[in-house]
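# Structural overview
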Amino acid sequence: VRALAYRYFLKTGKLVKLSDVNAMLDSASTGLSFRDEEYLGGVISFAQDLSRYAIGRATLRDEQSVLIARDLVSELMACLLKFDFRNGSIRRKFDGIKYALKRLENILYELSVTSDNAGDDGPKSKRAKIEEEKSERVDVAEIDEVRARMEARDELREKVIKRTRDSQKSAKQAIFALHRGDQARADKLILESEEIAAELLPIIEKEPQLRYGSFANSLEEYAEAKLFKLWLTEQRLGTPDDMLICNEEEFLGGLCDLTGEVGRNAVAKGTSRDVTAVQFALVTNMTVMNLLEGLALPYNLGKKLGPLNQSVKKLEQMLYELSLTQGGRTAPSGGMVEDEEPTAKEVNE
């Protein structure tokens, strides 16, 4: 968008419209289109580029080009002031526009005081200024349409965030209930989490970008609770078919987090010397680890492999210590039994 806006400005002296940008992409048969946020981010960056453009034109004493650049940035800023930008990349970029506008105004002032015709405000100059004032550099109506769409999405986003908070809370409570052995309450909470997610799905289908973030996190928590329930009650790992509401990444995120709950359950079983349960937990986590290591995971899932590997090691250590206990020996506080000190004969050898 930034590059297209610059080229369009050099040809017309105006800001490229979102509809024109998408029409250019259609003509190029790319199959792509820019979202409102992407368009705004691009034109804001372009507006900041105009301060550098103005320096080049001012070097050639091209005051008219600097004036056009100043008017465009000024009109764009007036439109953007109506937006309620939230903290994010667009907000940070927007903060730079006022500095670009100030720079353009300073350049115009410096040109005016150093011009050979400084103070000359004859009829021709006045007519030129009037014509420039009548020429709109920014399509205000389209920018207002972009703002209306973004405000509508913000309202939907607030609804999604609020409801997913309830869904995630229910899933977390379901996991706690499963650890306490309260199966009935866990079933109720898992169903509640699933119903909230299903309620929000029409919004997500309408605005797919809202799936990422809080909604995806709540579905990962739901997947973790559902997988933990299946592991406890049916002694198996769940599959994506068991939770069709989740996509692949959300399912894998829940599967990664499941291993933590399996490890905690194994600790509880280990205190009662239930070796079979600890062995089952170890086999489960090793199966998950081997499965995930064979996949090309995105960063947010790949970083979970470290804790998973540590969980497997802890379960192996736990089984080792349980075997020592069964053999009548006690493992030291450090975990592993220390090697015996070598004899003097062994040292000399």
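Structure's up top.
Residues numbered from 1 in each chain as written. Predicted model: local features only at pLDDT ≥ 70, side-chain atom pairs only at ≥ 80, totals over all residues. Heavy atoms only, no water.

### Some remarks on the packing of helix α1 (residues 2–12) against helix α3 (residues 36–59)
- Contact geometry for α1 and α3: axes closest at 8 Å, N-to-C directions at 50°. In terms of their interaxial angle, α1 and α3 are classed as oblique. Where α1 crosses over α3, the two elements pack in a sense that is right-handed. Every residue of α3 that contacts α1 at Arg2, Ala5, Tyr6, Phe9 and Leu10 is listed here: Gly42, Ser45, Phe46, Asp49, Leu50 and Tyr53.
- Looking at the contact of α1 with α3 residue by residue, the class counts come to seven nonpolar, two polar and two charged. (Axes fitted to C-alpha atoms, helices over the stretch in contact; angles between N-to-C directions. Helix = DSSP H or I, 4+ residues; strand = E, 2+ residues; numbered from the N terminus. Parallel < 35°, antiparallel > 145°, perpendicular 65-115°, else oblique. Left-handed = near helix turned anticlockwise from the far one by under 90°. Contact = heavy atoms within 4.5 Å. Nonpolar A, V, L, I, M, F, W, Y, C, P; charged D, E, K, R; others polar.)

### Some points on the side chain of Asp49
- Inspection of the secondary structure puts Asp49 in helix α3.
- Those residues in contact with Asp49 that lie beyond four places of it in its chain are Arg2 and Tyr6.

### Points about the packing of helix α12 (residues 275–293) against helix α14 (residues 305–326)
- Contact pair α12 / α14: the axes reach a minimum separation of 9 Å and the direction vectors enclose 155°. By the criterion of interaxial angle, the relationship of α12 to α14 is roughly antiparallel. Taken as a pair, α12 and α14 cross one another with a handedness that is left-handed. Note on element contacts: α14 touches α12 through Leu305, Leu308, Asn309, Ser311, Val312, Leu315, Glu316, Met318, Leu319, Leu322 and Gln326, opposite Val275, Val278, Gln279, Ala281, Leu282, Asn285, Met286, Val288, Met289 and Leu292.
- When its residues are assigned to classes, the contact of α12 with α14 shows 15 nonpolar, five polar and one charged.

### Here's the deal with the packing of aromatic side chains
- Under the definition given, this model contains eight aromatic pairs.
- When the centroid spacing of 5.5 Å and the interplanar angle of 45° are considered together, the rings of Phe85 and Phe94 count as tilted.
- Geometrically, the ring pair formed by Phe228 and Trp231 is stacked, given 6.2 Å between the ring centres and 15° between the ring planes. Placement of both Phe228 and Trp231 in helix α10 (residues 214–234) is noted, with a separation of three residues, approximately one turn of the helix.
- Pairwise contacts between aromatic rings join Tyr6, Phe9, Phe46 and Tyr53 into one cluster. (Phe/Tyr/Trp six-rings, centres within 6.5 Å; stacked < 30°, edge-to-face > 60°.)

### Regarding the nonpolar core
- Counting residues in hydrophobic clusters, the biggest one holds 47 residues, and the most contacted among them are Val160, Phe215, Leu219, Tyr222, Met243, Cys246 and Leu255.
- Of all the elements in the fold, those that place two or more residues in this core are α8 (140–180), α9 (183–206), α10, α11 (248–271), α12 and α14.
- Each residue touching Phe215, except ones within four places of it in the same chain, is listed here: Val160, Thr164, Ala197, Leu200, Leu201, Ile204 and Leu210.
- Listed in part, the 42 residues of the second largest apolar core include Phe46, Cys79, Leu108 and Leu111. (Core = buried A, V, L, I, M, F, W, Y, C linked by side-chain atoms within 4.5 Å. Buried < 20%, exposed > 50% of the residue type's maximum accessible area, 1.4 Å probe, protein only.)

### Considering the pattern of salt bridges
- Counted according to the given criterion, the structure contains 24 salt bridges.
- As a salt-bridge pair, Asp187 and Lys229 come within 3.2 Å of each other at their nearest N and O atoms. With a gap of 42 residues between them, Asp187 in helix α9 and Lys229 in helix α10 connect regions that are remote in the sequence.
- A residue is classified by how much of its surface remains accessible, and Asp187, at 30% relative accessible area, is partly exposed.
- Among the ionic contacts, a cluster of salt bridges with common partners joins Arg35, Asp36, Glu37, Glu38, Arg149 and Arg153. (Salt bridge = Lys/Arg side-chain N within 4 Å of Asp/Glu carboxyl O.)

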